[in-house]
Amino acid sequence: MADIDIDALAREARADLEAATTVADLDAAKIRHLGKNGPIVLLLRDIKDLPPEQRGPVGKGGNVARKELEALAASRHEALASAELDRRLIEDAIDVSLPPRAMPQGTLHLLTQTRRLLEDIFLGMGYDVIDAPEVENEWYGFTALNTPVGHPARNPTDTFYIAGHDQGAGANDDALILRTQTSTAQLRAMQLTKPPLYVVHPGRVYRRDDIDATHSDMFHQMEALAIDEGLTLANLKGTIESFLHRLFGDDLQVRLRTHFFPFTEPSVEADVQCFSCGGTGDPSADDRASGDFDRCRVCRGEGWIEIMGAGMVDPNVLGAVDGYDADTVSGFAFGIGIDRVAMLRHGFPDLRMLFQNDLRFVRQFAGRP
Ligand code: DAH
C-alpha cells in the first residue's frame, strides 16, 4: 500500500468542514469525511489489512484526526445553526404594530370640580365631608327640621313623594320623599356623632319645579353644620366670610340679612359683594361691549350676590336627636347651591347647560374648577 498521508486527508476534511456556509452543506461534508465511507473512517475500519508496522501509527493518527474533525464539525454546526436561527427570526418576524390611536381622555365635570373645591375649603377648616341619603322619610325631611305640618314644602306639589304621603292635612313621618334640601344631613350627622361636630355634606336635592334657566327639578347643594359649646352668630359670620373669601376673593365684603328658615333661629341670608363689579353695580368692559348690559351682568346692578341661607340651629332641631342638648351646645348651619356657585364663577347663563352633556360646553372647564 502506498504511503498513507493522514495529515493530507485531515487537512482536506477540515477545509471542507470550514467552507460550509449552511447546516445542510456542513451535513454533506460530515457525511463525506466522517460518514461510513469517509477516507479516514475507511482507513480505520480496514486497519487489519495494513502491514503490521503501519497499523500502530495509522490507527493512532487516524483516531486523533477523526476526533478533531468531529469536534470541528460539532462547533461549526452550533455556529451555523444559531446564525440560521437568528436569520430566520428576523426574516419571519411579522409587524403587528398599528398606527397609534390616542385614547380619548375624560375630565371631571364642572360640577364635580366645584364640589371638590367647596369640600377642600371646608376640609382646610377642619370639617369632615359626610354622605347622606337622597331618599329620606318625612321625619328627616321636615319634622325633625322643625318644619310644621301644613308647611307648603310638605305638599306633593312641591316635593316628590315616593310613598306614604298623608292625603289629609296630617303628616306621616314614615312617608318616603326625595329630599328637597341637604339640610336632612344635619340629623344624620347628629345621630352618628356626638358633639362637637363640624361637617359638610354635598349632594343632590329634588324639587317639583318647572325647569328653566335658573330652576331644575334636581340640583346640588352643600350643607355645613357646626355644633359645639358656645358657638354664636359671630362664629357663623366668621366661617361664612372665610369660606366666601376663599371662593370669590379675599377683599369682598359679606353681609347677613335676617330671613326665616324653620330649622334655624335666628335665620339669615348671606350676600357677598359682587366679585365682578366690586360692589358698584356698574357693567364691566365686556358687559358694555356686548351691548346687552347697562348694569353689571353678574349682580344685575345690585352690587351684592345672594349666596346662601344660614342660621343658628333651632333648639327644636337639637332636641330631635339624643345626646344633643340645647342647654349645653349650640350650632350654626348653612346651605349653598353648588350649581349656582359654578354658574356665578364661570358666568354661563343657563343652569340646564350643566346637565345636557354638550361636550362643547363641558370641555371648556377641563381642569379648572
Ligand atoms: N335648606 C335651605 C334651602 O334649601 C338652605 C339653608 C338655610 C340651609 C339655612 C341651612 C340653613 O343649613 O341653616 O333653601
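Scroll up a little and you will see the structure.
Given the structure is predicted, the values throughout are model-derived calculations rather than measurements. Along each chain, numbering runs from 1 in the same order as the chain's sequence is written. Local features in a predicted model are, by the rule used here, given only for residues with pLDDT of at least 70; side-chain atom pairs are given and counted only at 80 or more, and totals for whole chains, interfaces and linings are based on all residues. The side-chain quantities take in all heavy atoms of the structure and omit both hydrogens and water.

Quick look at helix H1 (residues 6-19)
Okay, step 1: Under the scheme used here, helices are H or I runs from DSSP no shorter than 4 residues and strands are E runs no shorter than 2 residues, and both carry numbers assigned from the N terminus. Multiply 1.5 Å by the residue count of a helix minus one, and that product is the helix's expected span. Compared with the 20 Å implied by 1.5 Å per residue over 14 residues, the 20 Å span of H1 between its first and last C-alpha is a close match.
Okay, step 2: Three exposure classes are used, based on accessible area relative to the maximum for each residue type with a 1.4 Å probe and protein chains only: buried under 20%, partly exposed in between, and exposed over 50%. Residues Ile6, Ala10, Ala13 and Leu17 constitute the buried set of H1. Down the axis of H1, the sector holding all buried residues measures 65 degrees, keeping them to one side. Exposed and oriented more than 90 degrees from the buried face of H1 are Asp7, Arg11, Glu12 and Ala19. The arc under discussion is defined with respect to the helix axis, by the directions toward the C-beta atoms.

A few points about a negative patch on the surface
Okay, step 1: Together, Asp158, Asp209, Asp210 and Asp212 line one region of the surface with negative charge.
Okay, step 2: Turning to its location among the elements, Asp212 is positioned in the loop between strand S5 (197-206) and strand S6 (218-228). Patch membership needs two things, relative accessible area over 30% and no salt bridge, and members are linked within 9 Å if like-charged or within 5 Å if nonpolar (Val, Leu, Ile, Met, Phe, Trp, Tyr). Residue burial considers only the protein chains on display, and all accessible areas are found by Shrake-Rupley using a 1.4 Å probe. Any carboxyl oxygen of Asp or Glu that lies within 4 Å of a side-chain nitrogen of Lys or Arg is treated as forming a salt bridge with it. Charge assignment: positive for Lys and Arg, negative for Asp and Glu; neither His nor the chain ends contribute. Just so you know, the charge point we use is NZ for Lys, CZ for Arg, CG for Asp and CD for Glu.

Re the packing of helix H5 (residues 110-124) against helix H8 (residues 233-248)
Okay, step 1: Simply put, an axis is a line fit to the C-alpha atoms, just over the touching stretch for a helix, and the angle between two N-to-C directions goes from 0 to 180 degrees. Where H5 meets H8, the axes come as close as 10 Å, and the angle between the chain directions of the two elements is 135 degrees. Relative to H8, the element H5 lies oblique. In the packing of H5 onto H8, the handedness of the crossing is right-handed. Of H8, the residues touching H5 (which contributes Leu117, Leu118, Ile121 and Phe122) are Thr239, Phe243, Arg246 and Leu247.
Okay, step 2: Each residue gets one label: Ala, Val, Leu, Ile, Met, Phe, Trp, Tyr, Cys and Pro are nonpolar, Asp, Glu, Lys and Arg are charged, and the others, such as Gly, are polar. Taken together, the residues of the contact of H5 with H8 sort by class into six nonpolar, one polar and one charged. Orientation labels follow simple angle bins: below 35 degrees gives roughly parallel, above 145 gives roughly antiparallel, 65 to 115 gives roughly perpendicular, and whatever is left gives oblique. Note on convention: the crossing is left-handed when the near helix lies turned anticlockwise from the far helix by less than a right angle, right-handed when the turn is clockwise. When checking whether two residues touch, look at their non-hydrogen atoms; a contact exists if any pair is within 4.5 Å.

So, a nonpolar patch on the surface
Okay, step 1: On the surface, a cluster of nonpolar side chains totalling about 220 Å² of accessible area is made up of Val135, Ile162 and Leu176.
Okay, step 2: Take Val135: it is sitting in strand S2 (residues 135-137).
Okay, step 3: With a relative accessible area of 39%, Val135 lands in the partly exposed category.

Concerning the site of the ligand
Okay, step 1: In the vicinity of the ligand, 15 residues are found, and the nearest of them are Gln181, Ser183, Arg207, Gln221 and Glu223.
Okay, step 2: Whenever a nitrogen or oxygen atom comes within 3.5 Å of another N or O atom, the pair is scored as a polar contact, on the condition that within protein one atom can donate a hydrogen and the other can accept it, and that pairs from neighbouring residues in sequence are kept only if both atoms are in side chains. A distance of 2.9 Å separates an oxygen atom of the ligand from a polar side-chain atom of Gln221.
Okay, step 3: Glu223 is positioned with one of its side-chain polar atoms (N or O) 2.5 Å from an oxygen atom of the ligand.
Okay, step 4: The protein chains hide 89% of the 350 Å² of surface that the ligand would expose on its own.
Okay, step 5: For the shell around the ligand, the elements supplying multiple residues, two or more each, are S6, strand S9 (304-313) and strand S10 (330-337).
Okay, step 6: Taken together, the residues of the shell around the ligand break down into five nonpolar, eight polar and two charged. The rule for a residue being near a molecule or strand is that one of its heavy atoms must lie within 4 Å of it.

Let's talk about the pairing of S9
Okay, step 1: Here S9 lies mainly inside the structure; eight of its 10 residues are buried.
Okay, step 2: Inspection of the sheet shows strand S8 (residues 264-273) paired to S9 by eight bridges, in the antiparallel sense. By the bridge assignment, Glu269 is partnered in S9 with Gly309.
Okay, step 3: Between any two strands, at least two bridges found by DSSP are needed for them to pair. Bridge count between S9 and S10: five bridges; the pairing is antiparallel. Paired with Gly311 across the bridge in S10 is Ala333.

Some words on the packing of aromatic side chains
Okay, step 1: Put simply, two rings from Phe, Tyr or Trp (the six-membered ring, in Trp's case) pair if the centres are within 6.5 Å, and we call them stacked under 30 degrees between planes, edge-to-face over 60, tilted for the rest. Scanning the entire structure with this criterion turns up 11 aromatic pairs.
Okay, step 2: In textbook terms, an aromatic cluster arises when at least three aromatic residues are bridged by ring pairs, as seen for Phe122, Tyr127, Tyr198, Phe243 and Phe334.
Okay, step 3: Placement of a charge over a ring requires the Lys NZ or Arg CZ to be within 6 Å of the ring centre, with the centre-to-atom vector within 35 degrees of the ring normal. When the ring centre of Tyr140 is taken as origin, the NZ or CZ atom of Arg188, which lies over that ring, is 3.7 Å away.

Quick word on the packing of helix H2 (residues 23-34) against helix H4 (residues 52-92)
Okay, step 1: Packing of H2 against H4 brings their axes to within 9 Å, and their N-to-C directions diverge by 170 degrees. The orientation of H2 with respect to H4, classified from their angle, is roughly antiparallel. On H4, the residues that touch Val23, Leu26, Asp27, Lys30 and Leu34 of H2 are Arg66, Leu69, Glu70, Ala73, Arg76, His77, Leu80, Ala81 and Glu84.
Okay, step 2: For the contact of H2 with H4, a count of residues per class yields seven nonpolar, one polar and six charged.

Structural notes on the sheet that holds S2
Okay, step 1: Strand order in the open sheet formed by three strands is S2-S4-S3, and the pairing between neighbours is antiparallel. The sheet is open, and its two edges are formed by S2 and strand S3 (161-163), each paired on a single side. Ignoring which end each strand starts from, the neighbouring axes of this sheet average 35 degrees apart.
Okay, step 2: Pairing between S3 and strand S4 (residues 176-178): two bridges, direction antiparallel. Bridge pairing in S4 links Tyr161 to Ile177.

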